[in-house]
Amino acid sequence: MRPLASCTRPLLSALKPHRLAVPRRALPRHVLPLAASARTPNRGGQSRLNSSSSQVSPLDDIPPDTEPSEHDLRFGYYDVLLPSEPFVWGTAHILPRPVPPHIRRPPYVPELQGPEAEAEADGRMAEEGIDATRRKLIRDPEDVEKLRRAARLASDVLEFAGSLLQVGRTTDAIDAAVHELVLACGAYPSPLLYKGFPKSCCTSVNNVITHGIPDDRPLQDGDIVNIDITVYLDGFHGDTSRTFLVGDVDDKGRELVQLTDSALEAGIAACGPGRPFKGIGRAIHELLRGKDYCVSPQFSGHGIGREFHRQPWIFHHLNDEPGEMQPGDCFTIEPAIIQGTDPHGWTFPDGWAVSTENCARAAQAEHMVYITEQGAEVLTRQS
């Protein structure tokens, strides 16, 4: 990891581990048979809960003579995260963290406050929507260097965030530290207020495929957590993510994370000038062939630069989309790999977090790739 600003040291020391447990909660009716037999008891994930009881393991309340279910044997042992009841729709109840006025904001974030801000944000979002239909090549040397700096910062922030993961710490505490570090480095946390997203990074745990909102659920021993970091620095976005292990993760979970990293590398190996975009999906498909895993078709990689998301769209599943990579293209590859052969997901009431329908675990990994005359440069890879 590259040296970070000295401000990271007080952030690390301020995050003291606390010992909270998320209360046990009944699962919705449609997953009760699964939860009862799978040793994957839900404890209110993606919730805003507090409890003073001691830290627990996902297996603490499983009777010792319980026979492993088909779900256990196929997917392993872990907490299932589901929205708390009663459901709260949307994110209007989540207060975004403040950003000082001197920090440069991306175009979709309003400078105003109140009703005028909403109108301004809608207009800027419409402009970004138009830009997203345009493929842009980044070739100006000064722009390329700014792009590299944004990518390096995103990579460093991701390493910092990963270092904070431990049993008992909340993802909201990690989001707070990420927020402070990004601001201290003179950048803006790109997810914050993007289409109303209320936090500065995404944290997706266990069965959540992507776009999890950081919350007050303490991390459990055996969780897997994807942290997705995007920063906006000097007019360019840098975007990267990785799935981390928390404590003693079972073999099935470790295998999933390792395979996800391999899928990302397979996609990167398919990149270069003149090579087809569809080769990325084919490479990932070939890697998964014959394995009890699938790739989510719901979420694609994307072009990135001055815009957060734009063409080209990068499909990670087998596809026949046209188009070839050109020098100056910059895009993300971010496959979300799911246990089993059911890739379907459903969206939580918050409108962002997407869980697998059958509560199998998912993992994701992401890099930014820049196409040069000679090949493909991975801008977010740690040197």
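Residues numbered from 1 in each chain as written. Predicted model: local features only at pLDDT ≥ 70, side-chain atom pairs only at ≥ 80, totals over all residues. Heavy atoms only, no water.

Colleague: How do you make sense of the packing of helix 7 (residues 251–269) against helix 8 (residues 278–288) when you look at a structure like this?
Modeller: Angle between the axes and distance between the axes: these two values describe a pair of packed helices. Here helix 7 crosses helix 8 at 145°, and the two axes come no closer than 8 Å. Where helix 7 crosses over helix 8, the two elements pack in a sense that is right-handed. Along the contact surface, helix 7 presents L259, S262, A263, A266 and G267, while helix 8 presents I280, A283, I284, L287 and L288. Across the contact of helix 7 with helix 8, the residue classes tally to 8 nonpolar, 2 polar and no charged. (Axes fitted to C-alpha atoms, helices over the stretch in contact; angles between N-to-C directions. Helix = DSSP H or I, 4+ residues; strand = E, 2+ residues; numbered from the N terminus. Left-handed = near helix turned anticlockwise from the far one by under 90°. Contact = heavy atoms within 4.5 Å. Nonpolar A, V, L, I, M, F, W, Y, C, P; charged D, E, K, R; others polar.)

Colleague: Explanation requested: unusual backbone geometry in the structure shown.
Modeller: For residues other than glycine, phi is negative in most cases, and the peptide bonds are mostly trans. Cis rather than trans, the peptide bond between E85 and P86 has omega equal to 0°. In this structure, P86 sits in the loop between helix 3 (70–75) and helix 4 (115–132). In this model, Q311 is joined to P312 through a cis peptide bond whose omega is 5°. Locating P312 in the fold gives a position in strand 8 (residues 310–314). Phi angles above zero are rare outside glycine, and L193 is one such case at about 75°. Following the sequence through the fold, L193 ends up in the loop between strand 1 (188–189) and strand 2 (202–205). Residue D234 is not a glycine yet carries a positive backbone phi of 55°.

Colleague: Just checking my understanding: could you explain the pairing of strand 4 (residues 224–233) for this structure?
Modeller: Each regular strand displays side chains that alternate between the two surfaces of the sheet. For strand 4, the tally of buried residues reaches 10 of 10 residues, placing the bulk of the element in the interior. Neither face of strand 4 is open: one carries I224, N226, D228, T230 and Y232, the other V225, I227, I229, V231 and L233, and all of them are buried. Where strand 1 meets strand 4, 2 bridges bridge the pair, whose relative direction is antiparallel. Directly across from Y188, in strand 4, lies its bridge partner Y232. Across 4 bridges, the pairing between strand 2 and strand 4 is antiparallel. Opposite V205, over in strand 4, you have V225 as the bridge partner. What sits between the antiparallel neighbours strand 4 and strand 5 (residues 236–245) is a turn of 2 residues, in which D234 has the positive phi angle 55°. (Buried < 20%, exposed > 50% of the residue type's maximum accessible area, 1.4 Å probe, protein only. Pairing = 2+ DSSP bridges.)

Colleague: Help me understand the pattern of salt bridges, please; the structure alone is not making it clear to me.
Modeller: A side chain of one charge can pair with a side chain of the opposite charge when the charged atoms of the two come close. Per the stated rule, a full pass over the model turns up 19 salt bridges. D234 is the salt-bridge partner of R149, the closest N and O atoms lying 3.5 Å from each other. In this pair, R149 sits in helix 5 (residues 141–163) while D234 sits in the loop between strand 4 and strand 5, placing the two residues 85 residues apart along the sequence. Classification of R149 by relative accessible area gives partly exposed; the value is 32%. (Salt bridge = Lys/Arg side-chain N within 4 Å of Asp/Glu carboxyl O.)

Colleague: I'm lost on the sheet that holds strand 12 (residues 354–356) in this one. Help?
Modeller: Strand pairing within a sheet occurs via backbone hydrogen bonds; the two strands may be parallel or antiparallel. With respect to topology, 3 strands assemble into an open sheet ordered 3-12-11, the strand pairing being antiparallel. Two strands in the sheet have a free side with no partner beyond their single neighbour: strand 3 (208–210) and strand 11 (345–347). Within the sheet, the average angular offset between the axes of one strand and its neighbour, ignoring direction, is 40°. Alignment of strand 11 against strand 12, held across 3 bridges, turns out to be antiparallel. Counted as the bridge partner of G345 is T356 from strand 12.

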